[in-house]
Amino acid sequence: MQLMTNLDYFFLAKELSEQLVGSRLNKAYQIGDKEFRFKFHKEGEKNLVVQLGCRMHLTKYLQTPPENPSNLARIIRSKLSNARVASVNQVNFDRIIEFEIQGAEKYYLVFEMFGKGALYLLNEQRLVENAFSPVKVERNTHYSPPTGSKAVPKQYAFLGNDFDGEGVEAVC
């Protein structure tokens, strides 16, 4: 199976930003071993499915969630229920997507989509409140993405980091 590339996540972050910024996070579900669903509301329901280390996408096709939420889903619900998505960004042109979510307090949901994948819930100071990761992560430690910033490939440099899809002519 072909996994999503850094460039795929570049465009996905732009799509998710357009679709989800300003929406409210209603529920979080852990629907599989490494699979999560996040239900947002903005002019209707929008569902984001994330299979850590593999894929992330909006969908209309929903699996039945478990009757009892996992501990992580319960924590995300308690901290982020009805909070607004302030931004969605790709980090360092890597396979990392970061949601900034603003409720009573500011939080970040960080999805590392490489290797076995990981999900981090960070507070405003970027300290780990909770994590789903193949490696042990201590609570209240500062999160920083893996080192090694990547650049947008030369053939896509005309898109820039603030590509909005408008007014861009094809380069041949």
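In this text, all values refer to a predicted model and were calculated from it rather than measured experimentally. (Residues numbered from 1 in each chain as written. Predicted model: local features only at pLDDT ≥ 70, side-chain atom pairs only at ≥ 80, totals over all residues. Heavy atoms only, no water.)

Caption draft 1: Up close: the confidence of the model for the chain. Predicted confidence across the chain gives a mean pLDDT of 88, with 84% of residues reaching 70 or more. Note that pLDDT drops below 50 for residues 162-172; the model gives that stretch ten contacts with residues more than four away or on any other chain. (pLDDT = per-residue confidence, 0-100. Contact = heavy atoms within 4.5 Å.)

Caption draft 2: Molecular detail of the packing of aromatic side chains. Counted by the stated rule, this structure contains eight aromatic pairs. Ring geometry for Phe36 versus Phe38: centroids 6.4 Å apart, planes at 20°, classification stacked. Assigned by exposure class, Phe36 and Phe38 land together as buried. Phe38 sits in the buried class, given a relative accessible area of 0%. Members of the aromatic cluster, each reached through a chain of ring pairs, are Phe36, Phe38, Phe40, Phe99, Phe111 and Phe132. One cation-aromatic arrangement involves Lys14 over Phe10; the distance from NZ or CZ to the ring centre is 5.5 Å. Taking NZ or CZ as reference, Arg126 lies 4.5 Å from the ring centre of Tyr108, over its face. (Phe/Tyr/Trp six-rings, centres within 6.5 Å; stacked < 30°, edge-to-face > 60°. Buried < 20%, exposed > 50% of the residue type's maximum accessible area, 1.4 Å probe, protein only. Lys NZ or Arg CZ within 6 Å of the ring centre and 35° of its normal.)

Caption draft 3: Structural context of helix α1 (residues 6-20). The end-to-end C-alpha separation of α1 is 20 Å, in line with the 21 Å expected for 15 residues at 1.5 Å each. Turning to α1, its buried residues number three or more, namely Asn6, Leu7, Tyr9, Phe10, Leu12, Ala13, Leu16 and Leu20. Contact partners of the buried residues in α1: β2 (35-41), β3 (45-51), β4 (55-59), β5 (84-90) and β6 (96-102). Phi for Gly22, located one or two positions after α1, is positive at around 95°. (Helix = DSSP H or I, 4+ residues; strand = E, 2+ residues; numbered from the N terminus. Expected span 1.5 Å × (residues − 1).)

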